[in-house]
Amino acid sequence: MAVKCYADAMLGKFARLARVYGIDMEYFPSTLSDNEILGMLKGGILFTSDQELCQRSPVGCVYTAQLDMVELLYRAACLCGKGPSRCAYCNKELYILPGESAFFPLPPKVKAYHQDFFYCPQCKKLYWKGSHWARMLKLFKEVDSKLESEGCHNRG
Ligand SMILES: [Zn+2]
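Owing to the predicted nature of the structure, the values given are computational and were not obtained by experimental measurement.

(A) How the structure looks around the overall build of the protein chain. Each helix and strand in the protein chain was counted, giving six helices and seven strands. Put simply, the protein chain runs from its N terminus to its C terminus through helices and strands in the order β-α-β-α-β-α-β-α-β-α-β-β-α. Reported as C-alpha extents along the three principal axes, the dimensions of the protein chain are approximately 50 × 35 × 25 Å. Evaluated residue by residue, the protein chain yields a buried proportion of 29% over its 156 residues. At a minimum sequence separation of 6, the contacts of the protein chain that also span at least 24 residues come to 56%.

Structure below.
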């Protein structure tokens, strides 16, 4: 059973990448106070670069200040588990659409070069594996190989 991950407003890039990597990630906007954030934690693990917030967290907390993106995603996968890719913007699980069933008007070049499409049922957005995706995939492969070589025994 996957556990919910939470990230504070400083960690927007990490939160978006974690969702696409398949981690159930709640991202708190900067308009929330520390007390409001603490009140919204329902089990799970909080990722924050705010040491005081981390110490006050009623749930598990990862203090992120010294951690690079591979390490962050690695810990999130270990502590929260991961499933299918999620929408970077809203955290809903994405549907995978084979190219021929993509009923959206797409540029012919996109249709010609891409087979797999992802659809967010909440944002009604369609994604495909463009150059941005290739960069993310490279990062995700690094995390995968760290998970394979180290397992989750050394998680912090
Ligand atoms: Zn979405």
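Moving on from the model shown.
(B) Representation of helix α1 (residues 12-21). Of all 10 residues in α1, seven are buried, a share of seventy percent or more. Those residues of α1 lying buried are F14, A15, L17, A18, R19, V20 and Y21.

(C) Looking closely at the sheet that holds strand β2 (residues 25-27). Across the sheet, which stays open at both edges, the four strands sit in the order β2-β1-β3-β4 with parallel pairing between neighbours. For this open sheet the edge positions go to β2 and β4 (60-63), each flanked by a neighbour on one side alone. Averaged over all neighbouring strand pairs, the angle between strand axes comes to 25°, with direction disregarded. Bridge count for strand β3 (residues 45-48) against β4 is four bridges, and the pairing is parallel.

(D) Here's a closer look at unusual backbone geometry. Residues other than glycine seldom take positive phi values, yet N91 does so here, at roughly 80°. With respect to the secondary-structure elements, N91 resides in the loop between α4 (69-80) and β5 (95-98). A residue is classified by how many C-beta atoms lie within 10 Å of it, and N91, with 20 of them, is buried. Even without a glycine there, the phi angle at K124 is positive, about 60°. Summarising the element assignment, K124 is placed in the loop between β6 (116-120) and β7 (125-128).

(E) The arrangement of the pairing of β3 in detail. Residues of β3 alternate between two faces, with I45 and F47 on one and L46 and T48 on the opposite face, all of them buried. The sheet contact formed by strand β1 (residues 5-7) and β3 spans three bridges and is parallel. In the sheet register, Y6 faces β3, and the bridge partner there is L46. This β-α-β element, β3 to helix α3 (residues 51-56) to β4, shows right-handed connectivity.

(F) Structural context of α4. Under the 1.5 Å per step criterion, the end-to-end length of α4 is 16 Å for 12 residues, consistent within 8% with the ideal 16 Å. Listing the buried residues of α4 in full gives L72, L73, Y74, R75, A76, A77 and C80. Close packing links the buried residues of α4 with β1, α1, β3, β4 and α6 (131-150). With its phi angle positive at about 75°, G81 sits one or two positions after the end of α4.

The rules behind these values
- Residues numbered from 1 in each chain as written.
- Predicted model: local features only at pLDDT ≥ 70, side-chain atom pairs only at ≥ 80, totals over all residues.
- Helix = DSSP H or I, 4+ residues; strand = E, 2+ residues; numbered from the N terminus.
- Buried ≥ 20, exposed ≤ 12 C-beta atoms within 10 Å, placed from the backbone.
- Contact = placed C-beta atoms within 7 Å.
- Pairing = 2+ DSSP bridges.
- Axes fitted to C-alpha atoms, helices over the stretch in contact; angles between N-to-C directions.
- Right-handed = clockwise from strand over helix to strand, strands pointing away.
- Expected span 1.5 Å × (residues − 1).

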